[in-house]
Amino acid sequence: MEKVISEAEELPKAIVRRVVKDKLSDCSPDTDITLHKDSLIALAESARIFIHYLSATANDICKESRRQTISADDVLRAVEEIEFPEFVKPLKASLAEFKQKNAEKKGEASKAKEMKKRKLAEESSGKDGAKSKLSKRDKDSEEEAEEEGNDDGNEYIQSEG
């Protein structure tokens, strides 16, 4: 009996094709390798099964440690446990590179956010300055009206400060 796989579990074929072609072009830069549709499906299914097996093993390692969140270390230990120790070193290198790039992106985003805050603060202080000048003009107008003896019936109170 054939097991039906939901679309949510399928790996995107375009990504699988790109990963395979990139690797094959690294191995054989002189030749252009084409993939038969069945081979692409077989590779995608193999990768999906591998991900399930690796994640289940990492989950077991996580549970043994009485935790509920799988960490990168759990995955690395799982890779060793399923007998692929030669992948651990390149995986650690890739993880370190990913963390470095992510930290740089966060740093850049943080700097951009800070610059935006400063710009808004400068614009805001510029507007407040304009409001202060406007308020001063209004006060001056009130004082002039008071000195001229404005007879509009309103009483003007000058605040100190």
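The chain goes by Transcription factor CBF/NF-Y/archaeal histone domain-containing protein in an unreviewed UniProt entry, where it is assigned to Rubroshorea leprosula.

Asks: Describe in detail the packing of helix α2 (residues 37-64) against helix α3 (residues 72-81), supporting the description with residues and values.
Replies: For the pair α2 and α3, interaxial distance at closest approach is 8 Å and the crossing angle is 115°. By crossing handedness, the relation of α2 to α3 is classed as right-handed. Across from L54, T57, A58, I61, C62 and E64 in α2, the residues of α3 making contact are D74, V75, R77, A78, V79 and E81. In terms of residue class, the contact of α2 with α3 is made up of 7 nonpolar, 1 polar and 4 charged.

Asks: Could you give an account of the packing of helix α1 (residues 13-27) against α2, naming the residues involved and the relevant values?
Replies: At a minimum axis separation of 10 Å, α1 and α2 run at an interaxial angle of 95°. Comparing their axes, α2 and α1 come out roughly perpendicular. Here K13, V16, R17 and V20 of α1 lie close against α2, whose contacting residues are L40, I41, L43 and A44. A per-class count over the contact of α1 with α2 returns 6 nonpolar, no polar and 2 charged.

Asks: Account for unusual backbone geometry, naming residues and giving values.
Replies: Although it is not a glycine, R66 sits at a positive phi angle of roughly 55°. The residue R66 is located in the loop between α2 and α3 in this model. Of note in this structure, E83 is not a glycine but carries a positive phi near 70°. Mapped onto the elements of the fold, E83 is located in the loop between α3 and α4 (88-148). A relative accessible area of 65% places E83 in the exposed class.

Asks: An account of the packing of aromatic side chains is requested, with residue identities and associated values reported.
Replies: Under the counting rule described, the total for this entry stands at 2 aromatic pairs. On the basis of an interplanar angle of 80° and a centroid distance of 5.7 Å, the ring pair of F50 and F84 is categorised as edge-to-face. Highlighted residues: F50 in helix α2 and F84 in the loop between α3 and α4, separated in sequence by 34 residues. Look at F84 and you get partly exposed, because its relative accessible area is 28%. Here the aromatic residues F50, F84 and F87 are joined through ring pairs into a cluster of three or more.

Asks: If you had to explain α2 to someone new, which residues and values would you point to?
Replies: For α2, with 28 residues, the first-to-last C-alpha span of 41 Å sits near the 40 Å given by 1.5 Å per residue. Inspection of α2 places L40, A44, R48, L54, T57, A58, I61 and C62 among the buried residues, and these make up the whole buried set. Structurally, α2 contributes buried residues whose contacts are with α1 and α3. Looking one or two residues beyond α2, the residue adopting positive phi is R66, at roughly 55°.

Asks: Requested: an account of the nonpolar core, with residues and values cited.
Replies: Within the largest apolar cluster, 8 residues are counted, these being L54, A58, I61, L76, A78, V79, I82 and V88. Listed by contribution, the elements that provide at least two residues to this core are α2 and α3. Filtering out sequence-adjacent residues up to four positions away, V88 remains in contact with L76, V79 and E80.

Asks: Residue-level account of the side chain of T57, with values.
Replies: For T57, the position within the fold is in helix α2. The exposure class of T57 is buried, given its relative accessible area of 9%.

What counts and what doesn't
- Residues numbered from 1 in each chain as written.
- Predicted model: local features only at pLDDT ≥ 70, side-chain atom pairs only at ≥ 80, totals over all residues.
- Heavy atoms only, no water.
- Axes fitted to C-alpha atoms, helices over the stretch in contact; angles between N-to-C directions.
- Helix = DSSP H or I, 4+ residues; strand = E, 2+ residues; numbered from the N terminus.
- Left-handed = near helix turned anticlockwise from the far one by under 90°.
- Contact = heavy atoms within 4.5 Å.
- Nonpolar A, V, L, I, M, F, W, Y, C, P; charged D, E, K, R; others polar.
- Parallel < 35°, antiparallel > 145°, perpendicular 65-115°, else oblique.
- Buried < 20%, exposed > 50% of the residue type's maximum accessible area, 1.4 Å probe, protein only.
- Phe/Tyr/Trp six-rings, centres within 6.5 Å; stacked < 30°, edge-to-face > 60°.
- Expected span 1.5 Å × (residues − 1).
- Core = buried A, V, L, I, M, F, W, Y, C linked by side-chain atoms within 4.5 Å.

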